[in-house]
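Fold and contact review
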Amino acid sequence: MTGIDAADGGHGDLGAYLLGGLSAGERSRFEEHLFGCASCRSELARLRDLPARLGALSAEEANQLLGGDDPAETGSAASAALPLAGGTADGGRRRPVGAWPESLIELRRRARRRAFALAAAVAVLAGAAGGAVGYVAGAPRGPAEPAPGASYALTSRHGVQARVDLDRKAWGTEVSLTAAELPTTGVLELWILDGSGQSNRVGSWMATTTGKSAITCPVPLQLPAIERVQVRSGGRSVLAEVRLPPSGAS
Amino acid sequence: MRRARRNGQSMDEVVVAEMYREHGEALLGFVRRASGDPDGAEDVVQETVLKVWQAAPEISGSLRGYLFRTARNVMIDNYRRASSRPRRSGSVPALESMPDAVERIDALLTRVLMEEALRRISREHRDVVLALHYNQLTVAQAAAALGIPAGTVKSRAFYALRELRSVLEDMGVEG
Ligand SMILES: [Zn+2]
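The sections below set out a description of the structure shown in this document. Note that the structure is predicted; figures quoted are calculated from it, not measured.

1. Some thoughts on the overall build of chain A
The helix and strand inventory of chain A stands at seven helices and eight strands. Residues classed as buried in chain A amount to 41% of the 250 residues present. Considering only contacts within chain A whose residues lie at least 6 apart along the sequence, 50% involve residues at least 24 apart. Here chain A displays about 12500 Å² of accessible surface, and carbon together with sulfur accounts for 53% of that area.

2. Things to note about the coordination of the zinc ion
Residues and elements named next belong to chain A. Taken together, His11 (ND1), His33 (NE2), Cys37 (SG) and Cys40 (SG) make up the full set of protein donors to the zinc ion, lying 1.9 to 2.3 Å away. The coordination sphere of the zinc ion comprises four donor atoms, whose angles at the metal cover 106 to 113°; the geometry is tetrahedral. Counting along the primary sequence, the residues that act as donors to the zinc ion give the motif H-x21-H-x3-C-x2-C. Taken together, the residues span a long stretch of sequence, with His11 in the segment before helix 1 (14–18) and His33 in helix 2 (residues 24–36) at a distance of 22 residues. In this structure His11 comes out as buried when scored by relative accessible area, which is 17%.

3. Overview of the packing of helix 2 of chain A against helix 3 (residues 38–47) of chain A
All names here are of chain A. Relative orientation of the contacting elements helix 2 and helix 3 amounts to 105°, with a least axis distance of 6 Å. The pairing of helix 2 with helix 3 is recorded here as roughly perpendicular in orientation. Here helix 2 contributes Phe30, His33, Leu34, Phe35 and Gly36 to the contact with helix 3, which in turn contributes Ala38, Cys40, Arg41 and Leu44. A class-by-class count of the residues in the contact of helix 2 with helix 3 yields six nonpolar, two polar and one charged.

4. Brief notes about helix 2 of chain A
All names here are of chain A. For helix 2, which comprises 13 residues, the first-to-last C-alpha distance of 19 Å matches the rise-based estimate of 18 Å (1.5 Å per residue) to within 8%. Within helix 2 the residues assigned to the buried category are Glu26, Arg27, Phe30, Glu31 and Leu34. Considered in projection along helix 2, the buried side chains sweep an arc of 135° and stay on one side of the axis. Opposite the buried face of helix 2, by more than 90 degrees, sit the exposed residues Glu32 and Gly36.

5. Section: the layout of surface pockets
In this structure, the largest pocket encloses a volume near 1200 Å³. Forming the walls of the largest pocket are 44 residues, and the residues nearest its centre are A:Pro51, A:Gly55, A:Ser199, A:Asn200 and B:His133. Among the secondary structure elements, those contributing two or more residues to the lining of the largest pocket are helix 1, helix 4 (50–54), helix 5 (59–66), strand 4 (187–194) and strand 5 (199–206) of chain A together with helix 4 (98–120) and helix 5 (123–134) of chain B. Broken down by element, the lining of the largest pocket gets its largest block of residues, six residues, from strand 5 of chain A. Its residues assigned to classes, the lining of the largest pocket shows 22 nonpolar, 15 polar and seven charged.

6. Quick look at the nonpolar core
Buried together is how nonpolar side chains tend to be arranged in soluble globular proteins. By size, the foremost hydrophobic cluster in this structure holds 78 residues, and its most contacted members are B:Phe30, B:Leu118 and B:Leu132. Per-element accounting of this core gives the leading share, 11 residues, to helix 4 of chain B. Beyond its immediate chain neighbours, meaning those up to four positions away, B:Phe30 contacts B:Phe68, B:Ala71, B:Arg72, B:Met75, B:Leu108, B:Leu109 and B:Val112. Core analysis: the next-biggest nonpolar cluster, separate from the first, contains 26 residues, A:Ala150, A:Leu188, A:Leu221 and A:Val229 among them.

7. Brief notes about unusual backbone geometry
Most peptide bonds are trans, and most residues other than glycine sit at a negative phi. Unlike most non-glycine residues, B:Gln136 shows phi in positive territory, near 55°. In this structure, B:Gln136 sits in the loop between helix 5 and helix 6 (139–146).

8. Some points on the packing of aromatic side chains
Under the definition given, this model contains three aromatic pairs over all chains. When the ring of B:Phe158 is compared with that of B:Tyr159, the centres are 5.0 Å apart and the planes differ by 70°; the resulting orientation is edge-to-face. Accessibility expressed as a relative area gives 1% for B:Phe158, which makes it buried. For B:Tyr159, a relative accessible area of 34% translates into the label partly exposed. A:Arg232 extends its terminal NZ or CZ atom over the ring of A:Trp191, reaching a point 3.9 Å from the ring centre.

9. Some points on the environment of A:Glu241
Residue and element names in this part refer to chain A. Within the fold, Glu241 resides in strand 8 (residues 238–243). The exposure class assigned to Glu241 is partly exposed, which follows from its relative accessible area of 23%. Dropping the residues within four chain positions of it, Glu241 is found in contact with Leu154, Arg228, Val229 and Gln230. A distance of 3.3 Å separates the side chain of Glu241 from the side chain of Arg228, its partner in a polar contact.

10. Concerning the pairing of strand 7 (residues 226–233) of chain A
Two faces, one strand: in a regular strand the side chains alternate between the faces of the sheet. All names here are of chain A. Burial runs high along strand 7: six of the eight residues are buried. Judged from the seven bridges that link them, strand 4 and strand 7 form a sheet pairing that is antiparallel. Across the sheet, Ile192 pairs through a bridge with Val229, a residue of strand 7. Taken together, the five bridges between strand 7 and strand 8 define a ladder with antiparallel strand orientation. Looking at the pairing, Arg228 lines up with Arg243 of strand 8.

11. Description of helix 4 of chain B
The terminal C-alpha atoms of helix 4 of chain B lie 33 Å apart, and with 23 residues this matches the ideal 33 Å at 1.5 Å per residue to within 8%. When you tally the buried positions in helix 4 of chain B, you get 18 out of 23 residues, the bulk of the element.

12. Concerning the pattern of salt bridges
Within the structure shown, the criterion is met by 20 salt bridges over all chains. For A:Glu189, the salt bridge is made with A:Arg27, and the minimal N-O distance between the two is 3.0 Å. One end of the pair, A:Glu189, is in strand 4; the other, A:Arg27, is in helix 2, and 162 residues separate them in sequence. In this structure, A:Glu189 and A:Arg27 share a single accessibility class: buried. Ionic pairing is found between B:Arg111 and B:Glu115, a salt bridge with its closest N-O pair at 3.9 Å. A residue pair is termed a helical-turn pair when its members lie 3 or 4 positions apart in one helix, as B:Arg111 and B:Glu115 do in helix 4 at four residues. Across this residue pair, the class does not change: B:Arg111 and B:Glu115 are buried. Overlapping salt bridges, with partners in common, bring together A:Glu61, B:Arg33, B:Arg111 and B:Glu115 in one network.

About the cut-offs
Along each chain, residue indices are assigned from 1 in the same order as the chain's sequence is written. Each chain takes a letter, starting from A, and each ligand takes a number, starting from 1, following the order in which they are written. Predicted model: local features are reported for residues with pLDDT of at least 70 only, side-chain atom pairs are reported and counted for 80 or more only, and whole-chain, interface and lining totals are derived from all residues. Each side-chain value is derived from all of the structure's non-hydrogen atoms; neither hydrogens nor water enter the calculation. Each helix corresponds to a stretch of at least 4 residues labelled H or I by DSSP, and each strand to a stretch of at least 2 residues labelled E; elements are numbered beginning at the N terminus. A 1.4 Å probe rolled over the protein chains alone gives each residue an accessible area, and that area as a share of the maximum for its type sets the label: buried under 20%, exposed over 50%, partly exposed in between. Note on contacts: a residue pair qualifies if any of its non-hydrogen atoms lie within 4.5 Å across the two residues. We get accessible surface area from the Shrake-Rupley algorithm with a probe of 1.4 Å; when it comes to residues, only the shown protein chains can shield them. Listed donor atoms are N, O and S within 2.8 Å of the metal (Na, K and Ca: 3.2 Å). As water is not included, a site may look incomplete. Site shape is set this way: if four donors have all angles between 85 and 135 degrees, tetrahedral; if opposite donors are over 155 degrees apart and all others between 65 and 115, square planar for four donors and octahedral for six; otherwise irregular. Think of each axis as a best-fit line through the C-alpha atoms, taken over the contacting stretch in the case of a helix, with angles from 0 to 180 degrees between the N-to-C directions. If an angle is under 35 degrees, it is roughly parallel; if it is over 145, roughly antiparallel; if it lies from 65 to 115, roughly perpendicular; otherwise it is oblique. Under the convention adopted here, Pro, Cys and the residues Ala, Val, Leu, Ile, Met, Phe, Trp and Tyr are nonpolar, Asp, Glu, Lys and Arg are charged, and Gly plus all remaining residues are polar. The span expected for a helix works out to 1.5 Å for each residue beyond the first. Picture the helix axis, draw a direction to every C-beta atom, and the arc is the one those directions span. Using a grid of 1 Å spacing that covers the protein atoms alone, one calls a set of points a cavity when a 1.4 Å probe fits there but cannot get out, and a pocket when the set is open and has protein on both sides within 12 Å along at least five of seven lines; lining residues are those with an atom within 4 Å of a point. Grid points are joined across faces, edges and corners, and a volume is the space filled by probe spheres set on the points. To qualify as a nonpolar core, a set must consist of buried Ala, Val, Leu, Ile, Met, Phe, Trp, Tyr and Cys residues joined through side-chain atoms within 4.5 Å. Aromatic pairs are defined between Phe, Tyr and Trp rings, using the six-membered ring for Trp, whenever the two ring centres lie within 6.5 Å; interplanar angles under 30 degrees are classed as stacked, those over 60 as edge-to-face, and all others as tilted. A ring is scored as having a charge over it whenever the NZ atom of a lysine or the CZ atom of an arginine sits within 6 Å of its centre and within 35 degrees of its normal. Counting of polar contacts relies on pairs of N or O atoms within 3.5 Å, with two restrictions inside protein: one atom must be capable of donating a hydrogen and the other of accepting it, and residues adjacent in sequence are counted only when both atoms are side-chain atoms. Pairing between two strands is assigned when DSSP locates at least 2 bridges connecting them. The term salt bridge refers to a pairing of a side-chain nitrogen on Lys or Arg with a carboxyl oxygen on Asp or Glu at a separation within 4 Å.

This is how it looks when you write it as structure tokens:
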């Protein structure tokens, strides 16, 4: 991208556009620019998941964490700024971190002990499952494990044919949309509504002349927290909507 | 992580000690929050550092990101083991279900990695992300609040996102 400092409405607005800092007028002017600017479109494709990822922190947490003095200089800002999960009843018994480990031999011994314990646990699981593999490394599977994802297909009353796939990921949910009979001009957006009534735009892209689009957006919400997935036009009217069943029934 | 040789002290010891000095505190914070078990946190951190050191992987990106992800796996292994073992009744509070534990730990990992990424971008970029995204200021409001021209807010917003992207990539978080 060249000329990032160009005049309003041009390349220079991309960052503010993604971070939600533009007024409605600036927004639509930038979206017009986007339509005719391939370099902004490819830059947008590279950066557009970031606002959703920033959503992993609430505004309050972010201000607490980042608002003060240079947090890079206080290495433990994260642990200091946020309450510990298990309470703070460990006052005084914390060892100075730099003093570890007492000896490498001790560490190795512990590791070996744990490796044996793990092997034994796996054997027990395999036995319980009738010889089947109980757990696959990195992909926990068990009787109580929720479905890995969900898929929905629909034709909306606007005539949009949409298929929405939701995949559980470590960081949240990957939402993929494949759609046809979409508007052929303007900007299209994918919105997620969560159970608390919050709506978030998780992706936007340019309409195609064929009316077909395929897009994948990372959403920093766990699948059960997602209530609706919407396709909206740049003007914000809802073109298609998928309502997910209440959690547990995916 | 490089395994260079240094005279005298064993290089392994140097590497492990360095990992603790550089990352021990942050790792301990993460594990305490994720495991809900302050007493076991130090063990998890030790095991994590040990695993990373034993594997001596060619880590091209952020060691801290790698350590966090390894700690996540150690904690999940611990849960898996604990929930598969018959427990003396009354001695330990009931464990949450395995999927719940994984979900909670992963959600926290996502957050911790994002916190880490935000800490690593420049102050100027961070301020603009905070103003526009988190505090929902317009460009004009952010310009006034930060005492810089609106055009600077816009260009910093763009370069902040670019820096964030490359920091996240460096930490092994895919786009
Ligand atoms: Zn452009």
